[in-house]
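Geometric and topological summary
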Amino acid sequence: MLRSCTAGLRSLWALRGRREGAARLSADLQPARRLFSTEKAVHKDWALPNPSWSKDLKLLFDQFMKKCEDGSWERLPSCKHTCTYKSEDFKTYFLDPQLVEGEGLSQAQLFTRGFEDGLGFEYVIFNNNDEKRTVCLFQGGPYLQGIPGFLHGGAIATMIDVAFGSCAAISGGAVMTANLNINFKRPVPLCSVVVIHSQLDKLEGRKLFVSCNVRSVDEKTLYSEATGLFIKLDPKKSST
Ligand SMILES: CCCCCCCC/C=C\CCCCCCCC(=O)SCCNC(=O)CCNC(=O)[C@H](O)C(C)(C)COP(=O)(O)OP(=O)(O)OC[C@H]1O[C@@H](n2cnc3c(N)ncnc32)[C@H](O)[C@@H]1OP(=O)(O)O
């Protein structure tokens with residue numbers, strides 16, 4: 001395993017400095033389109049294959065794209081900068097206007113999309129609206145190392161939070177993480193692909209309860225299990 005990871009790392013390093021390809025625009029938006037839509041402005045969609053994606057990640061991506069054809073699943077586009085309808089809502093209701101207009105947010109970008117292709121978080125999320133669940137395909141790159149050869153637990157927690165956040169935001173709109181509870185059961189090899197299956201378990205007033213498991217591509221290894229609580233933000237309350 002170590003040898004294949006080293007080979008993977010070498011090919012990922014080789015990708016450093018590679019320029020971004022042509023804009024990857026989303027053509028397959030469905031129910032969650034208002035939440036995640038890129039149509040207000042033309043932004044690159046990062047939830048699409050790039051040369052750093054492993055065979056496993058591309059294969060799974062293709063399988064889920066097939067599932068999208070009958071409309072039961074949809075791929076969620078992902079922007080580096082906040083370009084979604086809901087994030088505009090979020091700014092309108094919850095952010096200090098001085099922060100929005102000032103220098104502070106001009107350089108802001110989504111934490112998980114801040115790395116060059118292949119070095120950090122490579123992922124795509126698919127949503128099943130009827131079943132209130134999402135599947136996140138995630139390949140963690142060499143900059144996310146914790147224990148040598150393995151992913152940092154914080155990187156796994158981050159991806160779980162993003163997967164949960166998407167799952168909760170589709171039903172709840174502007175939500176924030178109130179609680180995350182993770183059991184790390186097996187270390188995740190660096191550069192490997194894992195699948196995060198999340199679901200909305202319960203909606204109780206402004207509270208959205210979610211849970212997930214993180215598994216290997218062949219589903220034989222259970223890496224982590226987690227639960228989360230997201231709170232639908234109240235426009236009458238300030239978030240600061
Ligand atoms: C996801 C964004 C959606 C919009 C954008 C969509 C576009 C999508 C684009 C890209 C996807 C990327 C996805 C990224 C995801 C990342 C998400 C994060 O990392 S969020 C940052 C970390 N979280 C914080 O910083 C919160 C800090 N906490 C707070 O601000 C407040 O505590 C907040 C808002 C969570 C709740 O505050 P209150 O004042 O509105 O509500 P109260 O009254 O305190 O609680 C409501 C109910 O919830 C319970 N509650 C609150 N916190 C709880 C807790 N920790 N445990 C148990 N219960 C809790 C309370 O007991 C209350 O329950 P009773 O109604 O009385 O039954």
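Since the structure is predicted, the reported quantities are computational estimates derived from the model, not experimental observations.

Another point: the pairing of strand S3 (residues 133–140). Burial analysis of S3 places 7 of its 8 residues in the buried class, the great majority of the element. Pairing of strand S2 (residues 121–128) with S3, which is carried by 8 bridges, proceeds in the antiparallel orientation. By the bridge assignment for S3, Glu122 is matched with Gln139. Hairpin connection from S2 to S3: 4 residues lie between these consecutive antiparallel strands, with Lys132 at a positive phi of about 50°.

Two cysteines whose sulfur atoms are joined by a covalent bond form what is called a disulfide. With the rule as written, the count across this model stands at 0 disulfides. This cysteine, Cys136, is not joined by any disulfide, and Cys212 carries the nearest cysteine sulfur, 9.4 Å off. Taking the relative accessible area as the measure of exposure, Cys212 reaches 6% and is therefore buried.

This part covers the packing of aromatic side chains. If you walk through the whole model with that rule in mind, you get 9 aromatic pairs. Residues Trp53 and Phe61 carry aromatic rings whose centres are separated by 5.5 Å and whose planes lie at 80° to one another, so their mutual orientation is edge-to-face. For Trp53, a relative accessible area of 3% translates into the label buried. Between the aromatic rings of Phe115 and Tyr143, the centroid separation amounts to 6.4 Å while the plane-to-plane angle is 70°, which identifies the pairing as edge-to-face. Taken together, the residues span a long stretch of sequence, with Phe115 in the loop between helix H5 (97–101) and S2 and Tyr143 in the loop between S3 and helix H6 (153–172) at a distance of 28 residues.

For the chain, per-residue confidence averages 83 on the pLDDT scale, and 72% of positions sit at 70 or higher. Note that residues 1–29 has pLDDT below 50 and, in this model, 45 contacts with residues that lie over four places away or in other chains. For this predicted complex, the interface score ipTM comes out at 0.93, alongside a pTM of 0.85.

The full count for this structure, using the stated rule, is 7 salt bridges. Note that Asp45 is salt-bridged to Arg75, the shortest N-O span being 2.9 Å. One end of the pair, Asp45, is in the loop between helix H2 (33–36) and helix H3 (55–67); the other, Arg75, is in strand S1 (residues 74–76), with 30 residues separating them in the sequence. The exposure classification of Asp45 matches that of Arg75, with both residues buried. One salt-bridge network, held together by shared partners, links Lys202, Glu204 and Lys207.

Taken together, 16 residues are adjacent to the ligand, and Asp161, Thr177, Arg206, Lys207 and Lys237 come closest. At 2.9 Å from an oxygen atom of the ligand is found a side-chain nitrogen or oxygen belonging to Asp161. At 2.5 Å, a side-chain N or O of Arg206 approaches an oxygen atom of the ligand. The protein chains hide 55% of the 1300 Å² of surface that the ligand would expose on its own. Secondary structure elements with two or more residues in the shell around the ligand: strand S4 (175–184) and strand S7 (222–232). With 4 residues, the top contributor of residues to the shell around the ligand is S4. Of the residues contributing to the shell around the ligand, the split by class is 8 nonpolar, 3 polar and 5 charged.

Rules used throughout
- Residues numbered from 1 in each chain as written.
- Predicted model: local features only at pLDDT ≥ 70, side-chain atom pairs only at ≥ 80, totals over all residues.
- Heavy atoms only, no water.
- Buried < 20%, exposed > 50% of the residue type's maximum accessible area, 1.4 Å probe, protein only.
- Helix = DSSP H or I, 4+ residues; strand = E, 2+ residues; numbered from the N terminus.
- Pairing = 2+ DSSP bridges.
- Disulfide = S-S within 2.5 Å.
- Phe/Tyr/Trp six-rings, centres within 6.5 Å; stacked < 30°, edge-to-face > 60°.
- pLDDT = per-residue confidence, 0-100.
- Contact = heavy atoms within 4.5 Å.
- Salt bridge = Lys/Arg side-chain N within 4 Å of Asp/Glu carboxyl O.
- Near = heavy atom within 4 Å.
- Polar contact = N/O pair within 3.5 Å; in protein donor to acceptor, adjacent residues only side chain to side chain.
- Areas by Shrake-Rupley, 256 points an atom, 1.4 Å probe, with all protein chains shown as cover.
- Nonpolar A, V, L, I, M, F, W, Y, C, P; charged D, E, K, R; others polar.

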